[in-house]
Amino acid sequence: MIQMKDDIVAEVRRYREELLLEHGGIEDYLKYLQAQRRRWEALGFKFSTPKRRASPAKPAADPKQ
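The text that follows walks through the structure, step by step, so that each part is easy to find. (Residues numbered from 1 in each chain as written. Predicted model: local features only at pLDDT ≥ 70, side-chain atom pairs only at ≥ 80, totals over all residues. Heavy atoms only, no water.)

Details of the overall build of the chain
Logical step 1: Across its full length, the chain holds 2 helices and 0 strands.
Logical step 2: Residues counted as buried form 5% of the 65 residues belonging to the chain.
Logical step 3: Accessible area for the chain stands at about 7000 Å²; split by element, carbon and sulfur atoms hold 58% of it. (Helix = DSSP H or I, 4+ residues; strand = E, 2+ residues; numbered from the N terminus. Buried < 20%, exposed > 50% of the residue type's maximum accessible area, 1.4 Å probe, protein only. Areas by Shrake-Rupley, 256 points an atom, 1.4 Å probe, with all protein chains shown as cover.)

Here we look at helix α1 (residues 7–23)
Logical step 1: A rise of 1.5 Å per residue sets the reference length of α1, with its 17 residues, at 24 Å; its end C-alpha atoms lie 24 Å apart and thus fit the reference within 8%.
Logical step 2: Count one or two residues on from α1 and you reach Gly24, which has phi positive near 85°. (Expected span 1.5 Å × (residues − 1).)

Let's talk about a nonpolar patch on the surface
Logical step 1: Taken together, the side chains of Ile26, Leu30, Tyr32 and Leu33 present a nonpolar region at the surface, about 340 Å² in accessible area.
Logical step 2: Residue classification places Leu30 among the partly exposed positions, given a relative accessible area of 43%. (Patch = residues over 30% accessible without salt bridge, like charges linked within 9 Å, V, L, I, M, F, W, Y side chains within 5 Å. Salt bridge = Lys/Arg side-chain N within 4 Å of Asp/Glu carboxyl O.)

Concerning the packing of α1 against helix α2 (residues 26–42)
Logical step 1: One way to put it is that α1 packs onto α2 with a least axis distance of 8 Å and a crossing angle of 85°. In this view, α1 runs roughly perpendicular relative to α2, as classed from their interaxial angle. Only Ile26, Asp28, Tyr29 and Tyr32 of α2 make contact with α1, whose side of the interface consists of Leu19, Leu20 and His23.
Logical step 2: Counted by class, the contact of α1 with α2 contains 5 nonpolar, 1 polar and 1 charged residues. (Axes fitted to C-alpha atoms, helices over the stretch in contact; angles between N-to-C directions. Parallel < 35°, antiparallel > 145°, perpendicular 65-115°, else oblique. Contact = heavy atoms within 4.5 Å. Nonpolar A, V, L, I, M, F, W, Y, C, P; charged D, E, K, R; others polar.)

Concerning the pattern of salt bridges
Logical step 1: By the definition in use, this model includes 2 salt bridges.
Logical step 2: Linking Lys31 and Asp28 is a salt bridge whose minimum nitrogen-to-oxygen distance equals 3.9 Å. On the criterion of helical spacing, the pair formed by Lys31 and Asp28 is a turn pair, its members being 3 residues apart in helix α2.
Logical step 3: With relative accessibility at 53%, the residue Lys31 sits in the exposed group.
Logical step 4: Its salt-bridge partner being Glu41, residue Arg37 comes within 3.1 Å of it at the nearest N-O pair. Linking Arg37 with Glu41, this pair stays in helix α2, spanning 4 residues, or about one helical turn.

What follows is the structure, encoded as structure tokens:
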């Protein structure tokens with residue numbers, strides 16, 4: 001992997017490390033985020049969810065066969 005010096009990337013990485021340390025790891029951070037989402041939803045906020053793509057339609061049978 002190529003390492004580049006970028007102040008913004010360094011800042012994002014530093015904040016990520018701080019969040020993970022604060023919450024005790026990625027699993028606990030995800031639990032925290034889920035609890036926050038439920039709290040915000042209870043206050044009336046709405047979150048978008050990824051749209052599921054429908055499976056591709058099957059081609060119609062060839063009437064000549």
